[in-house]
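# Coordinate analysis (summary)
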Amino acid sequence: MKALLLLLLLAQLCSASVPEREKDPEYWRRQAQDTLRNALRLQRLNQNVAKNLILFLGDGMGVSTITAARILKGQLQHGQGEESLLEMEKFPYVALAKTYNTNAQVPDSAGTATAYLCGVKANEGTLGVSAGVTRDRCNTTKGQEVTSILRWAKDAGKAVGIVTTTRVTHATPSAAYAHSANRDWYSDGEMPPDALEGGCKDIARQLVENIPDIEVIMGGGRKYMFPKNASDVEYPHEEKHRGTRLDRRNLVQAWHNAKPPGKVAKYVWHRRELLALNLSRVDFLLGESWHPGVP
């Protein structure tokens, strides 16, 4: 009986409607600014402007995971446990950020990526949009797009890049450039007919079109860039690695074509190709392996 009541409570929490104020991106931005102002009043911080910023993200690496890693490190290296310290715990400043979904008790990579890259909380399974967007409903997307720190940096004249061990179209990196009602719409081959008819773009296409001047893009999932059933360059006889695009487009070629005249753009799919590049003579780099990464 207790287990049934617990399940009913969790179901109620997960299905609870999102308050109207949480659908407004400005609600989250005002909250963030208030938090920053309060923090700045507590201590005198170094307020110099950083020249560069690199954001490392361990998917799912919350407080409990870090605690387990710290204990394991101590046990393996020092015969200790909790007394050990990870290198990042030696930094002079450490902060915590809440990256929950607006409509789910347990968050997913899409809504959380939207939180830490765009500063706005979103519904579970949605990317780069406000909580006004319902998962799978293409017609709720227009006008609800939110911008990311990558876009802000690019607009400020900075060079930007995305490097990931999973697909470049996966939820975690794609919130930096995409706006989608479903994190799984990697190519148009994964999209339902109503979404295609509604004019929504798949995530791989948005990678090429939304911010065409991203200097570095490296990760997995190249099959989403090529026409359906096109053979893979590395595994030509394996069906699971063939292209998935229904529109028959070659997005790698589209990526090349979008570059300004006089700029050098290089596409690589193997380590030896990457190492052979003279990076001082390359303006744009796209590197994609076949590996789809985490599910």
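Scoring rules and cut-offs
Residues numbered from 1 in each chain as written. Predicted model: local features only at pLDDT ≥ 70, side-chain atom pairs only at ≥ 80, totals over all residues. Heavy atoms only, no water. Patch = residues over 30% accessible without salt bridge, like charges linked within 9 Å, V, L, I, M, F, W, Y side chains within 5 Å. Areas by Shrake-Rupley, 256 points an atom, 1.4 Å probe, with all protein chains shown as cover. Salt bridge = Lys/Arg side-chain N within 4 Å of Asp/Glu carboxyl O. Helix = DSSP H or I, 4+ residues; strand = E, 2+ residues; numbered from the N terminus. Buried < 20%, exposed > 50% of the residue type's maximum accessible area, 1.4 Å probe, protein only. Pairing = 2+ DSSP bridges. Axes fitted to C-alpha atoms, helices over the stretch in contact; angles between N-to-C directions. Disulfide = S-S within 2.5 Å. Polar contact = N/O pair within 3.5 Å; in protein donor to acceptor, adjacent residues only side chain to side chain. Contact = heavy atoms within 4.5 Å.

### Concerning a nonpolar patch on the surface
On the surface, a nonpolar cluster with roughly 410 Å² of combined accessible area is contributed by Met61, Met88, Phe91 and Val94. Within the secondary structure layout, phenylalanine 91 lies in the loop between α3 (63–77) and α4 (109–118). A relative accessible area of 52% places phenylalanine 91 in the exposed class.

### A short note on the sheet that holds strand β2 (residues 216–220)
The sheet built from four strands is open, its strands ordered β1-β2-β4-β3 with parallel pairing. Strand pairing shows two members of the sheet lacking a second neighbour, β1 (161–167) and β3 (265–268), which therefore form its edges. When the angles between neighbouring strand axes are averaged without regard to direction, this sheet yields 5 degrees.

### Examining the state of the cysteines
Applying the stated criterion to the full structure yields one disulfide. Of all cysteine sulfurs, the one in cysteine 200 lies closest to cysteine 118, which takes part in no disulfide; the gap is 17 Å. For cysteine 118, a relative accessible area of 1% gives the class buried.

### Regarding the pairing of strand β4 (residues 284–288)
With five of five residues buried, β4 lies mostly within the body of the structure. Pairing of β2 with β4 involves four bridges; the strand directions are parallel. The residue bridging isoleucine 217 from the neighbouring strand is leucine 286, located in β4. Pairing geometry for β3 and β4, over four bridges, is parallel. If you follow lysine 266 over to β4, its bridge partner there is leucine 285.

### Re the side chain of aspartate 232
Relative to the assigned elements, aspartate 232 resides in the loop between β2 and α9 (251–257). A polar atom in the side chain of aspartate 232 sits 2.6 Å from the side chain of arginine 222. Within the structure, the side chain of aspartate 232 is placed 2.9 Å from the backbone nitrogen of glutamate 234, a separation counted as a polar contact. Setting aside chain neighbours within four positions, we find aspartate 232 in contact with Arg222 and His241.

### Focus on the environment of lysine 223
When you line up the elements, lysine 223 lands in the loop between β2 and α9. Put simply, lysine 223 and serine 289 are 66 residues apart on the chain and 9.0 Å apart in space, counted from C-alpha to C-alpha. For lysine 223, the residues in contact, after removing those within four places along its chain, are Lys240, His241, Arg242, Gly243 and Thr244.

### Digging into the pattern of salt bridges
Taken as a whole and judged by the stated rule, the model has 18 salt bridges. For the salt bridge of arginine 135 with aspartate 184, the shortest nitrogen-to-oxygen distance reads 3.2 Å. With arginine 135 in the loop between α4 and α5 (149–155) and aspartate 184 in the loop between α6 (171–174) and α7 (193–197), this pair connects stretches of sequence that are 49 residues apart. When its relative accessible area of 25% is taken as the criterion, arginine 135 is described as partly exposed. A relative accessible area of 32% places aspartate 184 in the partly exposed class. Ionic pairing is found between arginine 205 and glutamate 209, a salt bridge with its closest N-O pair at 3.0 Å. Here arginine 205 pairs with glutamate 209, and both are found in helix α8 (residues 203–209), just four residues apart, close to one helical turn.

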